[in-house]
Amino acid sequence: MEEYEYEELLDRALRQVPSAKATDSRFTIPELKVFIEGKATIFDNFEAICSYMNREPEHVMKFLLNELGTAGKMEGYRAIFQGQFSKDDVEHQIQRYMDEYVLCWECKKPDTHFVKMERVWALKCDACGAIRPIIKRK
Ligand SMILES: [Zn+2]
């Protein structure tokens, strides 16, 4: 009898998992518009992606240039990189940027912001309060 109750509890607990997981779905960004033009790569909706991530375009740009190992510039709402990169290349770096600078490592929500603690920068989550140090590139 006791065992039956335990199984029933377990069963009930397991049934609650899908609904709990639904709110935990990974933050996704709109599709990147990336195309090659001559010897350059155009990231056409760069600014839109930055505002979607709620991050300064300058910071995102520095990260991308550093990680792609190239030079480039912002021109209006676009980013232009020297050299040819595929959409997957750029998307991979944006995903890495999000993992490092946007998504909370605890709850995976994007509701975070940078805070300065002593002499280091940290990423603070507004949703759950988690905080972790980051390397904020200059
Ligand atoms: Zn969080």
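Just so it is clear, the structure is predicted and the values come from calculations on it, not from any experiment.

Asks: Help me understand the nonpolar core, please; the structure alone is not making it clear to me.
Replies: The nonpolar side chains of soluble globular proteins are, as a tendency, buried together. Within the largest apolar cluster, 28 residues are counted, with the highest numbers of intra-cluster contacts made by Phe43, Met53, Leu64, Phe81 and Ile94. Among the elements that make up this core, the one with the highest residue count is helix H3 (residues 57-68) (six residues). Beyond its immediate chain neighbours, meaning those up to four positions away, Phe43 contacts Leu32, Lys33, Val34, Ile49, Leu64, Tyr77, Arg78, Ala79, Phe81, Val90 and Ile94.

Asks: Looking at this structure, I do not really get the coordination of the zinc ion. What am I missing?
Replies: Each pair of donors in an ideal four-coordinate tetrahedral metal site encloses 109.5 degrees, whereas pairs in an ideal six-coordinate octahedral site enclose 90 or 180 degrees. The coordination sphere of the zinc ion, as far as protein atoms go, consists of Cys104 (SG), Cys107 (SG), Cys125 (SG) and Cys128 (SG), spread over 2.3 Å. The site at the zinc ion holds four donor atoms, and with the angles between them running 105 to 116 degrees, its shape is tetrahedral. Sequence spacing among the residues donating to the zinc ion works out to C-x2-C-x17-C-x2-C. With a gap of 24 residues between them, Cys104 in the loop between helix H4 (87-101) and strand S5 (112-117) and Cys128 in the loop between strand S6 (120-125) and strand S7 (131-134) connect regions that are remote in the sequence.

Asks: What is the right way to look at the packing of aromatic side chains in this model?
Replies: Think of a pair of aromatic rings as described by two things: how far the centres are apart, and how the planes are tilted against each other in angle. Within the structure shown, the criterion is met by seven aromatic pairs. Arranged with centres 5.0 Å apart and planes meeting at 45 degrees, the rings of Tyr97 and Tyr101 form a pair that is tilted. Highlighted residues: Tyr97 and Tyr101, both in helix H4, separated by four residues, approximately one helical turn. For Tyr101, a relative accessible area of 0% corresponds to the buried category. Ring centres 6.5 Å apart and planes at 75 degrees place the aromatic pair Phe114 and Trp121 in the edge-to-face group. An aromatic cluster is built from Phe63, Tyr97, Tyr101, Phe114 and Trp121, whose rings are joined through pairwise contacts. A cation over an aromatic ring shows up here: Arg55 above the ring of Phe114, its NZ or CZ 4.7 Å from the ring centre.

Asks: Please clarify how the packing of H3 against H4 should be interpreted in this entry.
Replies: Angle between the axes and distance between the axes: these two values describe a pair of packed helices. Contact pair H3 / H4: the axes reach a minimum separation of 10 Å and the direction vectors enclose 125 degrees. The angle between H3 and H4 places the two elements in the oblique class. Judged by the twist between their axes, the crossing of H3 over H4 is right-handed. Contacts between H3 and H4 pair His59, Val60, Phe63, Leu64, Glu67 and Leu68 from the former with Asp89, Gln93, Ile94, Arg96, Tyr97, Glu100 and Tyr101 from the latter. Broken down by class, the residue content of the contact of H3 with H4 amounts to seven nonpolar, two polar and four charged.

Reading the values: the criteria
Residue numbers restart at each chain and count upward from 1, following the sequence in its written direction. Reporting in this predicted model follows two pLDDT cut-offs: at least 70 for local features of residues, and 80 or more for side-chain atom pairs to be given and counted; totals over whole chains, interfaces and linings ignore these cut-offs and use all residues. Computation of side-chain values: all heavy atoms of the structure, hydrogens and water removed. Only buried residues count toward a nonpolar core. Its members are Ala, Val, Leu, Ile, Met, Phe, Trp, Tyr and Cys residues joined through side-chain atoms within 4.5 Å. Each residue's exposure class comes from its accessible area (1.4 Å probe, protein chains only) as a fraction of the maximum for that residue type: buried when under 20%, exposed when over 50%, partly exposed otherwise. Put simply, DSSP H or I for four residues or longer makes a helix, DSSP E for two residues or longer makes a strand, and each gets a number counted from the N terminus. Note on contacts: a residue pair is in contact if any heavy atoms of the two residues lie within 4.5 Å. Atoms are scored as donors when they are N, O or S and lie within 2.8 Å of the metal, with 3.2 Å used for Na, K and Ca; no water is included, so coordination may look incomplete. Metal sites are grouped by the angles between bound donors: all angles between 85 and 135 degrees with four donors is tetrahedral, opposite donors over 155 degrees apart with the others between 65 and 115 is square planar for four donors and octahedral for six, and any other pattern is irregular. The rule is short: rings of Phe, Tyr and Trp, with Trp giving its six-membered ring, pair when the centres are within 6.5 Å, and they are stacked under 30 degrees, edge-to-face over 60, tilted in between. Criterion for a charge above a ring: Arg CZ or Lys NZ at most 6 Å from the ring centre, at most 35 degrees from the ring normal. All axes are obtained by fitting lines to C-alpha atoms, using only the stretch in contact for helices, and the reported angles, taken between N-to-C directions, cover 0 to 180 degrees. Each angle is binned into one of four classes, with values under 35 degrees roughly parallel, values over 145 roughly antiparallel, values of 65 to 115 roughly perpendicular, and all other values oblique. Take the far helix as your reference; a near helix turned counterclockwise from it by less than a right angle gives a left-handed crossing, and one turned clockwise gives a right-handed crossing. For this scheme, ten residues count as nonpolar: Ala, Val, Leu, Ile, Met, Phe, Trp, Tyr, Cys and Pro. Four count as charged, namely Asp, Glu, Lys and Arg, and the remainder, Gly too, count as polar.

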